[in-house]
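Inside the fold
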Amino acid sequence: MIQIEHLSVAYQQTLALEDLSLTIQGPTILGILGPNGAGKSTLIKAMLGLLPHSGKVLLDQQDLGQVLQRVAYVEQKSAIDFHFPITVRECVSLGLYPHLSIFKRKSKEDLQKVENAMKLVNLLDLADRQIGQLSGGQFQRVLIARCLVQEAEVIFLDEPFAGIDSVSEDIIMQTLKTLKKEGKTILIVHHDLSKVPAYFDQVLLLHRKLIAFGKTEETFTKENLHAAYGHELFIGGGVG
Ligand code: ADP
Ligand code: MG
């Protein structure tokens, strides 16, 4: 269970998040939605303790920032260095390090975890390729595989589907649904509203303040979307 209590974040002049309080019961796949600049990335970073904030974020009653070994995070793509010279297999192996010292030899079991994760996201054929030589969707699958290897209980993904191919998107979404069945809690910042009912058990609508939070059927409504997006809202139908 994740509890957010009176969470606020201010950058120099901007109050980016104002007094959020909510409780997330897992396992679940939660979509974090809101217009550009709504504070979605800020929310994730503050929850992880990566930004100064006021208020509290607890994972099973402990300060989430103090139990980061239970958590995996894939930041928004623009923030990641694609050109670091390592292979797909090496990059996925980095997920082992929350548990291992860099200097410890990887066990057979660890190596098998890496192979299994690559298989799950359909990357075995590309295992020896440099990550700089991947498409955006393939690279995003590498990052998901790295999360799998980490065996975290809570997974934060910031716009994992932005600009990627639909095959990769489907593979990733199927993988995340499997993880949820295994008991994980997955928080996804997302902007394509047409996929929301198919992807998320719960949604959180944000616009600096918490607009709405709850089961997708009850929360992903025209009224709430309007409150979050205002006149920026444009959807090709399908929203109840
Ligand atoms: P989202 O992810 O929903 O698009 P962000 O969380 O990135 O929004 O940003 C929320 C608000 O905070 C925006 O107004 C943005 O300009 C501002 N902001 C984000 N990062 C910084 C920063 N490092 N310094 C100052 N302002 C920032
Ligand atoms: Mg963002």
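A brief report on the enclosed structure follows. Computed from a predicted structure; not experimentally measured. (Residues numbered from 1 in each chain as written. Chains lettered and ligands numbered in written order. Predicted model: local features only at pLDDT ≥ 70, side-chain atom pairs only at ≥ 80, totals over all residues. Heavy atoms only, no water.)

Next up on the list: the nonpolar core. Of all hydrophobic cores here, the largest spans 49 residues; its most connected members are Leu33, Val88, Val92, Leu157, Leu176 and Ile186. Per-element tally for this core: the top contributor is helix 4 (residues 136–150), with eight residues. Excluding residues within four positions of it along the chain, Val88 makes contact with Met118, Leu123, Leu126, Ala127, Arg129, Ile131, Leu134 and Val142. Of all hydrophobic cores here, the second largest spans 27 residues; its members include Leu20, Leu30, Leu48 and Leu206. (Core = buried A, V, L, I, M, F, W, Y, C linked by side-chain atoms within 4.5 Å. Buried < 20%, exposed > 50% of the residue type's maximum accessible area, 1.4 Å probe, protein only. Helix = DSSP H or I, 4+ residues; strand = E, 2+ residues; numbered from the N terminus. Contact = heavy atoms within 4.5 Å.)

With that settled, the discussion passes to the sheet that holds strand 5 (residues 62–63). Strand order in the open sheet formed by four strands is 2-1-4-5, with antiparallel pairing between adjacent strands. Single-partner strands in this sheet number two, and they are strand 2 (15–24) and strand 5. Bridge count for strand 1 (residues 2–10) against strand 4 (residues 54–59) is five bridges, and the pairing is antiparallel. Following the sheet pairing, Ile2 is matched in strand 4 by Leu59. Against the sheet, helix 1 (residues 40–47) touches strand 1, strand 2 and strand 4, its axis set at about 120° to strand 1. (Pairing = 2+ DSSP bridges. Axes fitted to C-alpha atoms, helices over the stretch in contact; angles between N-to-C directions.)

Here we come to helix 4. Its 15 residues give helix 4 an end-to-end C-alpha distance of 21 Å, which sits within 8% of 21 Å, the value for a rise of 1.5 Å per residue. Within helix 4, 13 of the 15 residues are buried, which leaves it mostly tucked inside the rest of the structure. (Expected span 1.5 Å × (residues − 1).)

Tallied over the entire structure, the rule returns two aromatic pairs. Ring geometry for Phe161 and Tyr199: centres 5.7 Å apart, planes at 55°, overall tilted. One end of the pair, Phe161, is in the loop between strand 7 (154–158) and helix 5 (166–181); the other, Tyr199, is in helix 6 (residues 196–199), and 38 residues separate them in sequence. With respect to class, Phe161 is no different from Tyr199; both count as buried. Taken together, a centroid distance of 6.0 Å and an interplanar angle of 90° make the contact between Tyr199 and Phe200 edge-to-face. Like Tyr199, the residue Phe200 is buried in the burial classification. (Phe/Tyr/Trp six-rings, centres within 6.5 Å; stacked < 30°, edge-to-face > 60°.)

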